[in-house]
Every structure is written in C-alpha cells, then in structure tokens.
Amino acid sequence: MIRDSDWNRRYGRPRRRRRGCFPRFLATVVVLAAVVGFFWWQQNGLSSETISVPSAPDGFAGYRIAVISDLHGKEFGEGNEKLLDYVRDLEPDCIAVVGDLLHEEAQLAMVPAVARGLAAIAPTYYVTGNHEWAAGVAPQLEELLTNYGVTVLSNEYVMLEQGGDRIALVGAEDPNGYADQPTVAQLLDQVRAEQGAVYTILLSHRNNHYEQYAAAGIDLTLAGHAHGGLIRLPGTDGLIGPKRELLPDYTAGLYDLDHGQMAVSRGLGNQFPCFRLFNRPDVPLIILE
C-alpha cells in the first residue's frame, strides 16, 4: 500500500481520492425530474388572468365571463373534470367558447362531457374556429353541443339582460365556414336595426381580425387562435403566431382598438407538435365594470 507521502514524492502531486458516483447520479436525476416536471406543468397547469373591462352598462357591473379557447381535444383529467372544476371555481355568469374545441373527427367523443359540464356551470355560448371547419366536423359538432345544452351562435346573437340594462352577445362563424356567410359588420348592422344602440360583445375565434371588429363598431371582442404565441419571453407578445410568423401581436390579454377592446385567451391545448413555454393553459376571466 502506497502512503500519500510516498505518492507525492514519486509523482509530485497529491493522490486524488475517488468519490462515489451516486451523489452525482442523484443530482442529475433531480435536475432532470425538475425540468420534466416544469415542462409538464407548462402544458397542463391551468391558469387564469382576471381582465377588467370598463365602460360596460352599469347593470352588468361585476358580470363575469369565463373564456374557453383552443382546447384542441385536450383532456384535463377524465372527462375534462379538472378543467370543469377550474371553471366552476371562477364562478362565471356565462361561459364563452371561442373556437378550436377540436381539430379532428375522433375528438368528437370528448365533446358531450365538456358541453354538459360547462352548461351545468353557467349559460355557455359557442362559435367555431378554423380547425373545426378544416376537420369537416363543424355542423356535426354544433349539433352535438346544442344537444348537450350549449347555445351555438352561428352568425346569430342573443340579448342578455341584467339590472335594467342589455347587452347583445354576437357570435361570428369562423371565416373557414360558409362561403356566403355575413361579415361581422353585417351582423352588427342587424343588431342595431333590431335592438338599437346597445353594448355589443362579439365571440369570434380569430384574434388577428381585430381591424374588422373595430371597423364594425364592436365594443368588446373575445377571441383566441394565437395560443399566446406559444413561447412567451419578457418584452414579447409571444414568439410564434397562428401562421408561424415570428413575434405576433394581440396574442393574450386586453387590447384597446380604434373602436372598442379585444380580450384574447392564450388557449388551453395545442395541435401536435407545438408546445408551450412560460405560457400555461389559460382560462381568462372577464369582469365587466
């Protein structure tokens, strides 16, 4: 056995004592588990931001709207029970589902549980997104939602009344829909002709058509479509837009338009192979003031 002093005399440097590999292995496992856990949380950890919207009719002060967007067939727990519990805890007065509930026909199987669950929480209103039409299931989906208690607004509107005031809730089909469907401006002309000058809330999937909403004179638009830009870094409004453009605008939160405002949801799911980073699934809560 060579003593340390003999080793130093022969080789001119201290002998290094070998340490076990287990501490390093354990540290590596812990780091990898943390990274995987964080990535999973970014895809599946539900979040909500409260968006206060001023200038609504006084009778609707405090009115709460939960916005569901871009679920893309994703399930948060069996039958989407985690999502339903989350929405229930927001205590909405109504729920707006603004398109891309699914993107392929096989996902129709998850619709009854979602539709029934949301309708049991609060009156729920739905408009299509681009993916329902691209999958060729929009009419079938609208019928299914109606059968389970959701009000489909297919280029239609309903009147909400509270505290002696009224709001026209207008639903616009996605542009991928019917070739001869009315424009948003034509829908608003109809509302004004039939209801007079009332506060208007538009449900429309596409956030990037904001100029049309402003030109039509919409007071508040609820939209999705951009998935929050997928990856959100400081100083950006997301890195990737719906058309894979870089640094998109109007992807999340409340925006002032030339006329009215637009609230955009970051959405809940993605279509493979997209992923989220610093951009957890989102159920924004709109509170009218």
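Above this text is the structure in question.
Small disclaimer: the values here were computed from a predicted structure and weren't measured.

(A) Region of the structure containing the packing of aromatic side chains. Applying the stated criterion to the full structure yields 7 aromatic pairs. Pairing Trp 133 with Tyr 178 gives two aromatic rings, centres 4.9 Å apart and planes at 75 degrees, and the pair type is edge-to-face. Taken together, the residues Trp 133 in helix H5 (residues 130-134) and Tyr 178 in the loop between strand E7 (165-171) and helix H7 (184-195) connect sequence positions 45 residues apart. A residue is classified by how much of its surface remains accessible, and Tyr 178, at 37% relative accessible area, is partly exposed. An aromatic cluster is built from Phe 38, Trp 41 and Phe 278, whose rings are joined through pairwise contacts. A cation sits over an aromatic face here: Lys 74 above Phe 76, 5.1 Å from the ring centre.

(B) Molecular detail of the sheet that holds E7. Read across the open sheet, the 6 strands follow the order E6-E7-E8-E9-E11-E10; overall the sheet is mixed. Among the strands making up the open sheet, the edge pair consists of strand E6 (156-162) and strand E10 (253-256). Across the sheet, the axes of successive neighbouring strands diverge by a mean angle of 20 degrees, strand direction being ignored. Bridge count between E6 and E7: 7 bridges; the pairing is antiparallel. From the neighbouring strand, Glu 156 faces E7, where its bridge partner is Gly 171.

(C) View of the packing of helix H4 (residues 111-121) against helix H6 (residues 138-147). At a closest axis distance of 9 Å, the pairing of H4 and H6 adopts a crossing angle of 45 degrees. When the axis of H4 is compared with that of H6, the two are oblique. Judged by the twist between their axes, the crossing of H4 over H6 is right-handed. Across from Val 111, Pro 112 and Ala 115 in H4, the residues of H6 making contact are Leu 141, Leu 144 and Leu 145. Across the contact of H4 with H6, the residue classes tally to 6 nonpolar, no polar and no charged.

Each value, and the rule that gives it
Residues numbered from 1 in each chain as written. Predicted model: local features only at pLDDT ≥ 70, side-chain atom pairs only at ≥ 80, totals over all residues. Heavy atoms only, no water. Phe/Tyr/Trp six-rings, centres within 6.5 Å; stacked < 30°, edge-to-face > 60°. Helix = DSSP H or I, 4+ residues; strand = E, 2+ residues; numbered from the N terminus. Buried < 20%, exposed > 50% of the residue type's maximum accessible area, 1.4 Å probe, protein only. Lys NZ or Arg CZ within 6 Å of the ring centre and 35° of its normal. Pairing = 2+ DSSP bridges. Axes fitted to C-alpha atoms, helices over the stretch in contact; angles between N-to-C directions. Parallel < 35°, antiparallel > 145°, perpendicular 65-115°, else oblique. Left-handed = near helix turned anticlockwise from the far one by under 90°. Contact = heavy atoms within 4.5 Å. Nonpolar A, V, L, I, M, F, W, Y, C, P; charged D, E, K, R; others polar.

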